[in-house]
Amino acid sequence: MKNLDLDILRKKLDDRLTSTEEEKINLWLESSADNREYFKRMKSYHEKPLEDLSLESVPNTTDLFMKRLNRKSRISIYHKVLQYAAVIVLPLMIGAGLWWYTNAQMEQQLAEQTRIIEQEENNSTVLITSTGKTYELESGIEQAVVEDEGVKIRKYLRAGLKYEKPEVKNQKIAYNTLRTSNRNDYQVELSDGTVVYLNCNSELRYPISFGEGDRRVELRGEAFFDVTKTGKRFTVEVNDMEVEVLGTRFNVMAYDDENSIQTTLVSGKVKVAVNENGIRKSLTLKPGDQASWCHENGTLESKIVNTDLYTSWIDGYFRFENQRLEDVMRNIARWYDVRVFYQNPELKDKRLTGKLHKVDDFKVISSMIEKISGIEIDKNKKAVVISMRK
Amino acid sequence: MIAEERLLSKKIAERDKNAFRLLFETYHAQLFRFAETYVCSPDLAEDIVQEVFIKLWENSHIKISRSLRSYLFLMVKNACIDHLRSVKLEDKKKLKLAEAQIISESVGVNLDSEVSLKIKRAIDELPDQCKEVYRMSVYSGLKHAEIADELDISVNAVKVQVYRAKKLLKKKLYSLKELLVLFSHLFKRV
């Protein structure tokens, strides 16, 4: 089909079409939903009074844009990061008493592990729609990726995905799943305006438009929620735990390799509820509280934390404060999709404090950690070996 | 103005973020209205504008021969045309281009000499004060307050005149349309 002259659409809006033009337009409208959508937008734009199109009324997005730019260019910031490396506080020392694996043993173990890991190479964020279709979400200018059950899903360049509120309420609730892999985080705005930042190697399942009842989503991995107040309850299901809110900002971290699920509340109010062998336990959090649910021990506790430490990942940082090396590395390993091996188990208990940019190159991060910790990090394909500096 | 832009351009090549911020702040509104005229969606327009700036930042080593301003408008225009193509549309008579330039008050940007000429002629036919205010605003790039000062009228009066000019120009160019179509056919056949 040949491209249609835009001017014909304008004539249609002015109701001055000839019959051959009418035919052309109908053909164009029938040929795709995107075309119809464009015509609808053009119509409402055309009806806008000129006063609404003044330059003064354009929203100022400078701050937002600069924030995105900073995130985007964190690789180029790398040199600056090195200058600031001195800011990173020195860790505690560890005692002596090392023992070594024999090199042969170690290498064999690594070879086996890396072979397994290399098989699962998958490097992109995918969206799985209610019909089971899978879309890869790479960057680039694109819009209106998919239309699922009458709900428009749009992909915004920097903002991620956005679900538009449907004009007609759907009877059926259809679900989409967003899945990130390593080195990828992604942002999605749900149909009620709630924004979810999904960290790497995580999965979020959500209705493409919320029905009349409560709002419910399912999470695996880690996500930060900025929930829009609508008067309806918003519930995040994570394994055997639920977080209930009305409108608030909080982070849920529930990676499989962590032994507890951590819910960190930034603002508002949330209720964390667990179901342990039929007995329901719950905790209500205040801003600054963090709840930990350890399924193994059956403990649900809360403590006051510095929430920045647990939410800085959405701004592109790894942050840690007096944390064990093993915990820090687990976080980093997820992002870079590597496996970490310790030559000496005592190394795992070294304490680190610092703030690192999630630069694309693992080498950069590892050299920073080497600098502050007195350890040596060697990477061979996807295996990372941590040893005492010689 | 030009010296200022040259300095800005140099700073940006040196990856000065404050300079880049200033550039964004200066042209964002115009570029946004320009893109919006084409894509008819504020969200999409914002995306296109931001993407153009990000590209510029990532390729800030590229030498820009003409002005930064022209470059930005050209990039946004191209992205808009790409979008139109994705919905099987083409701005054959460049009326959208004319409209986008009028709405965004970017008439002075050299995007298409044919369209510029048409707009210039249409401006010539505007009522006197309207014409003067509009020219000062879009060609000389003066702020509303500066024009008010210069002509000794209120800022509101300047706004009203700019608005009136836009409205008249839009109407004029569209009523000229049938005529323009005729001409372009004649030219093609020759």
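Each remark here, short or long, concerns the structure printed above.
What counts as what
Residues numbered from 1 in each chain as written. Chains lettered and ligands numbered in written order. Predicted model: local features only at pLDDT ≥ 70, side-chain atom pairs only at ≥ 80, totals over all residues. Heavy atoms only, no water. Helix = DSSP H or I, 4+ residues; strand = E, 2+ residues; numbered from the N terminus. Buried < 20%, exposed > 50% of the residue type's maximum accessible area, 1.4 Å probe, protein only. Contact = heavy atoms within 4.5 Å. Axes fitted to C-alpha atoms, helices over the stretch in contact; angles between N-to-C directions. Parallel < 35°, antiparallel > 145°, perpendicular 65-115°, else oblique. Nonpolar A, V, L, I, M, F, W, Y, C, P; charged D, E, K, R; others polar. Core = buried A, V, L, I, M, F, W, Y, C linked by side-chain atoms within 4.5 Å. Salt bridge = Lys/Arg side-chain N within 4 Å of Asp/Glu carboxyl O.

For the rest of this paragraph, the subject is the overall build of chain B. What chain B contains, in helices and strands, is ten helices and one strand. Reading chain B from its N end, one meets helices and strands in the order α-α-α-α-β-α-α-α-α-α-α. Counting every position in chain B, which comprises 190 residues, the buried fraction comes to 49%. Counted over contacts in chain B with a minimum sequence separation of 6, partners at least 24 positions apart contribute 61%.

In a pair of packed helices, the angle between the axes and the distance between the axes together describe the arrangement. Residue and element names in this part refer to chain A. In contact at an axis separation of 10 Å, helix H1 (residues 6–14) and helix H2 (residues 19–31) are set at 105° when each is read in the N-to-C sense. Classed by the angle they form, the pair H1 and H2 counts as roughly perpendicular. Along the contact surface, H1 presents Ile8, Leu9, Lys11 and Lys12, while H2 presents Glu21, Glu22, Lys24, Ile25 and Trp28. Classifying every residue of the contact of H1 with H2 gives four nonpolar, no polar and five charged.

On to the environment of A:Ser54. Looking at where A:Ser54 falls in the secondary structure, it is placed in the loop between helix H3 (33–47) and helix H4 (62–72). Excluding residues within four positions of it along the chain, A:Ser54 makes contact with B:Arg33 and B:Lys166.

A word on the nonpolar core. Within the largest apolar cluster, 70 residues are counted, with the highest numbers of intra-cluster contacts made by A:Leu9, A:Tyr38, B:Phe20, B:Leu23, B:Phe53 and B:Leu89. With twelve residues, helix H2 (residues 17–39) of chain B is the single largest residue contributor to this core. Beyond its immediate chain neighbours, meaning those up to four positions away, A:Leu9 contacts A:Leu4, A:Ile25, A:Trp28, A:Tyr38, A:Phe39, A:Met42 and B:Leu89. Of all hydrophobic cores here, the second largest spans 39 residues; its members include A:Ile153, A:Tyr186, A:Leu190 and A:Val236.

Applying the stated criterion to the full structure yields 40 salt bridges over all chains. Of the charged contacts in the structure, one is a salt bridge between A:Arg215 and A:Asp192, with a shortest N-O distance of 2.5 Å. Taken as a pair, A:Arg215 in strand S11 (residues 215–226) and A:Asp192 in the loop between strand S8 (186–189) and strand S9 (195–198) lie far apart in primary sequence, 23 residues in all. Classification of A:Asp192 as buried rests on a relative accessible area of 14%. Between B:Arg33 and B:Glu36 there is a salt bridge; the shortest N-O distance is 2.7 Å. Pair noted here: B:Arg33 and B:Glu36 are both in helix H2, with a separation of three residues, about one helical turn. Judged by relative accessible area, B:Arg33 falls into the buried class, the value being 3%. Under the relative-accessibility criterion, B:Glu36 is labelled buried at 1%. Connected through salt bridges with shared partners, the residues A:Asp257, A:Glu258, A:Arg324, A:Glu326, A:Asp327, A:Arg330, A:Arg334, A:Lys348 and A:Asp349 form a single ionic network.

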